[in-house]
Amino acid sequence: MSAQTMANSLLQIERLSVDYPSSDASATNPPALSLPSLSLAHGEVLAICGPSGCGKTTLARTLLGMLPAAARVHGSCRFDGQELVGLPEKRWLALRGSRITGLSQDPVMALNPVLRVGRQFRQLGSSADRARQILAELELGAERDWLRAFPHELSGGQCQRVALGLGLALEPVLLLADEPTAALDRRTARDVMALIMKLATDRNMSVILITHDLPLVEDLELRVQRLTPGRRTETADPLSSVKQPLSVAEPGPRAPAPTSPPRLALEGVSVDYPGAGRALAEVSLTLGAGSTTAVIGESGSGKSTLARVVMGLLAPAQGMVLLNGRALASRWRPERLPMQLVLQDTFASLNPRRQVRQVLAESLEQAGEAATRAVELLKDVGLDETFLQRYPHQLSGGQRQRVALARSLAVNPELLVLDEAFSALDIPVRAALLDLLCRLQRERGFSMLMITHDTDRLSEVADQVVVLERGRVVKDGPATEVLSLISPTSVA
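Summarised in this report is the structure supplied together with it.

Rules of the game
- Per chain, the residues get numbers from 1 upward, laid out in the order the sequence is written.
- Where local features are concerned, this predicted model is filtered to residues with pLDDT of at least 70; where side-chain atom pairs are given and counted, the filter is 80 or more; whole-chain, interface and lining totals use all residues.
- Only hydrogens and water are set aside; all other atoms, that is, all heavy atoms of the structure, feed into the side-chain values.
- Axes here refer to lines fitted to C-alpha atoms; in helices the fit is confined to the stretch in contact. Angles between the N-to-C directions go from 0 to 180 degrees.
- Numbering of helices and strands runs from the N terminus; a helix is a DSSP stretch of H or I covering at least four residues, while a strand is a stretch of E covering at least two.
- Each angle is binned into one of four classes, with values under 35 degrees roughly parallel, values over 145 roughly antiparallel, values of 65 to 115 roughly perpendicular, and all other values oblique.
- In this scheme the handedness of a crossing depends on how the near helix is turned from the far one: anticlockwise by less than a right angle means left-handed, clockwise means right-handed.
- Contacts are assigned to residue pairs with any non-hydrogen atoms lying within 4.5 Å of each other.
- The classification used treats Ala, Val, Leu, Ile, Met, Phe, Trp, Tyr, Cys and Pro as nonpolar, Asp, Glu, Lys and Arg as charged, and all other residues, Gly among them, as polar.
- If DSSP finds at least two bridges between two strands, the strands pair.
- Salt bridges are defined as contacts in which a side-chain nitrogen from Lys or Arg sits within 4 Å of a carboxyl oxygen from Asp or Glu.
- Only protein chains enter the calculation, and the probe is 1.4 Å; a residue is then buried if its accessible area is under 20% of its type maximum, exposed if over 50%, and partly exposed in between.

**Quick look at the packing of helix α12 (residues 356-366) against helix α14 (residues 397-409)**
- Viewed as axis vectors pointing N to C, α12 and α14 meet at an angle of 20°, and their least axial separation amounts to 8 Å. Here α12 lies roughly parallel to α14, going by the angle between them. Crossing geometry of α12 relative to α14 is assigned as right-handed. Note on element contacts: α14 touches α12 through V403, A406 and R407, opposite V356, V359, L360 and S363.
- Residues that form the contact of α12 with α14 fall into these classes: five nonpolar, one polar and one charged.

**Focus on the packing of α14 against helix α15 (residues 427-444)**
- One way to put it is that α14 packs onto α15 with a least axis distance of 12 Å and a crossing angle of 5°. Taken together, the axes of α14 and α15 lie roughly parallel to each other. Contacts from R402, L405 and L409 in α14 reach V429, L433, L436, L437, L440 and R444 in α15.
- For the contact of α14 with α15, the residue count by class is seven nonpolar, no polar and two charged.

**Concerning unusual backbone geometry**
- With a phi angle near 50°, N412 is a residue other than glycine that sits in the positive phi range.
- Relative to the helices and strands, N412 is located in the loop between α14 and β17 (415-419).

**Considering the sheet that holds strand β15 (residues 326-327)**
- Taking strand neighbours across the sheet as the criterion, the four strands line up as β12-β11-β14-β15 in an open arrangement whose pairing is antiparallel. What marks the edges here is a single partner per strand, and that holds for β12 (277-287) and β15.
- Relative to strand β14 (residues 318-323), strand β11 (residues 264-273) runs antiparallel, the two being bridged by five bridges. Residue pairing in the sheet places L264 in a bridge with L323 of β14.
- Of the strands in this sheet, β11, β12 and β14 are in contact with helix α10 (residues 303-310), which crosses β11 at around 120°.

**Some points on the pattern of salt bridges**
- Counted under the stated rule, the structure contains 12 salt bridges.
- Between R78 and E83 there is a salt bridge, with the nearest N and O atoms lying 3.9 Å from each other.
- Taking relative accessible area as the criterion, R78 reaches 29% and is therefore assigned partly exposed.
- Under the relative-accessibility criterion, E83 is labelled partly exposed at 23%.
- Its salt-bridge partner being R99, residue D80 comes within 2.6 Å of it at the nearest N-O pair. With D80 in the loop between β4 (72-79) and β5 (82-83) and R99 in the loop between α3 (89-95) and β6 (100-103), the pair connects residues that are 19 residues apart, well separated along the chain.
- For D80, a relative accessible area of 41% corresponds to the partly exposed category.

Listed below in structure tokens is the structure:
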């Protein structure tokens, strides 16, 4: 790197690598991140792309000084002339937040669950008026006093926008956005990124955007740097090397027509949040054995609330949930095992103190299965046995999601509820997991309730589609019929 380039750069990286020591002295784990070089100019927005497990999130944690204590970092990473590798925590405290701010891929983890949104803004020195202004810019309108809400009262998309607002309130010099739009529908994602781009220009703020949303990157005309496991490559046409179509494998025979009684039925379900109004209003749907129903809608439409009601984690104000024709009591437990939930927030859904082998062994024990099946489960979701010894923090977001999926499959479920389960995954991994789920569904006959804002190839996966808008069902019917009536930007 030339002296002139270094002088004009806010961030310079040379031969940066991060690895974790193996618990097995004879084993050698590949590096979590290997980056020969990277430069970022003042006011520049750079996109980091690459497959799951290539080190995208590890790079963000390195730049925030938030790697686990066991991580070993080598090389050089200079921010505004200051070396970050080996920087004492006291020095990090002066940089983190005020100079370098991160936006997490898991928005729920970024928010304090016991503090209202307004209190969290006040901790950053923002007045209530300034906080409301920021949230309004992020399309959290005046229909609700968002500052009085707790994080658990918000949808995944709403949590992400609040987390984004908290990051922007600090007016950082460098913003590390790790999949900031993964939880948002396309229209909101474009609006959020437009705001970030405007702020980068107005404030001369540099941004590293970690994403797998290649159409968004192309629309923004960003410089792209691609990471691959163990090395970094860059091409004259950066997007050409990362564009891969989302193509689910040719489907086998479709699921049989819904039987009577259906596997799952919701009858007039309504949910109220104190001070926030009605989140679901008289929602009814049915899901047959071996079939898939997709629930789509914009952020805040009630999709995640619906998943919580189905799983018995939230009591409806009125209406019933029936499994195989039997009404389920609110917050029921004995019948929950045949119903498994795969969450969008992969880090929070796995115990950080348990290795993957322990996570899977616990589920296998509940199902009366031998713990030796853990390796088989990992292979089913595209991981090998070396992952058994790893902890959640040693996995990428995509790898954590595959472990979460393996854990759910361990109990041979009758119903799989997927709450934005693949929104944070890159396109090839998403396609591979959808292919896997479709194949396993044909083989085992479980039903799927798929909550998503991604309508790509949905007609190849889902039998029925339900569209939610402000907690109400506005469209419901066969997937091809409903999707033909929907604008790609309206709910996707």
